[in-house]
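# Summary of the model geometry
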Amino acid sequence: MSIRIGFGADLHRLEPGTGFPLCGVHVECRFSAVAISDGDVAVHALVDALLGAMGEGDIGERFPENRAVRGESSLRYLGEIRDLLAARSGRVVNIDLVIDLQRPKLLERKQAMRLNLANFLGLPPSSVNVKAKTGEAIGPIGLSQAVGAQAAVLIELPS
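A brief look at the structure comes next. (Residues numbered from 1 in each chain as written. Predicted model: local features only at pLDDT ≥ 70, side-chain atom pairs only at ≥ 80, totals over all residues. Heavy atoms only, no water.)

## Remarks on helix 3 (residues 74-87)
- The end-to-end C-alpha separation of helix 3 is 20 Å, in line with the 20 Å expected for 14 residues at 1.5 Å each.
- Among all positions of helix 3, only Ser74, Leu75, Tyr77, Leu78, Gly79, Ile81, Leu84 and Leu85 are buried.
- With a side-chain oxygen lying 3.1 Å from the backbone nitrogen of Leu75, the N-terminal cap of helix 3 falls on Ser73. (Helix = DSSP H or I, 4+ residues; strand = E, 2+ residues; numbered from the N terminus. Expected span 1.5 Å × (residues − 1). Buried < 20%, exposed > 50% of the residue type's maximum accessible area, 1.4 Å probe, protein only. Polar contact = N/O pair within 3.5 Å; in protein donor to acceptor, adjacent residues only side chain to side chain.)

Here it is in structure tokens:
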């Protein structure tokens, strides 16, 4: 087996709204993410990380805007990449995910996000880690103008 690492990142502007998904879990708040899909930056970063580890480009190449459906669940994208990895007899070893958001605080939601991703990908929860950071009240994250995420993954693929 070949061990491969991937990294992904995403950022979406926030506007007044009623919440948005992170890791497939709806976060109720006074913002919505501006996006063609549902705006789940955590899943978008994870999809990019998995594609990178497989040497398959990025989310924009795989799911171009002309193929996207407004409001579509980002978990559909992740499901396609999960299935692509399985078709290649590969597996995810672990995921480390950082979500950048000033408000709302995610401490009470991180476990649900972790479990949702683990269940969706068929992984033990110990293989998925979700962290949350603020922007310390500076920049687009800190001023609640944006939400971002970074993901690192380790996968195994047949040599």
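## Here we look at the sheet that holds strand 7 (residues 146-157)
- Strand order in the open sheet made by the five strands is 4-1-7-5-6, with mixed pairing throughout. The outermost strands of the open sheet, each flanked by one partner alone, are strand 4 (31-33) and strand 6 (128-133). Within this sheet the neighbouring strands show an average axis-to-axis angle of 20°, counted without direction.
- Relative to strand 7, strand 1 (residues 2-16) runs antiparallel, the two sharing 12 bridges. For Leu11, the partnering residue across the bridge sits in strand 7 and is Gly148.
- Against the sheet, helix 4 (residues 110-121) engages strand 5 (91-100) and strand 6, with an angle of about 145° to strand 6. (Pairing = 2+ DSSP bridges. Axes fitted to C-alpha atoms, helices over the stretch in contact; angles between N-to-C directions. Contact = heavy atoms within 4.5 Å.)

## Observations concerning the pattern of salt bridges
- Throughout the structure, instances matching the rule amount to seven salt bridges.
- For Glu80, the salt bridge is made with Arg76, and the minimal N-O distance between the two is 2.4 Å. Of this pair, Glu80 and Arg76 both sit in helix 3, separated by four residues, roughly a single helical turn.
- Look at Glu80 and you get partly exposed, because its relative accessible area is 26%.
- Across the pair Lys131 and Asp96 runs a salt bridge, and its minimum N-O distance is 2.9 Å. Placement of the pair is Lys131 in strand 6 and Asp96 in strand 5, with a sequence separation of 35 residues.
- Residue classification places Asp96 among the partly exposed residues on the basis of a relative accessible area of 27%.
- Connected via shared salt-bridge partners are Glu56, Arg62 and Arg88. (Salt bridge = Lys/Arg side-chain N within 4 Å of Asp/Glu carboxyl O.)

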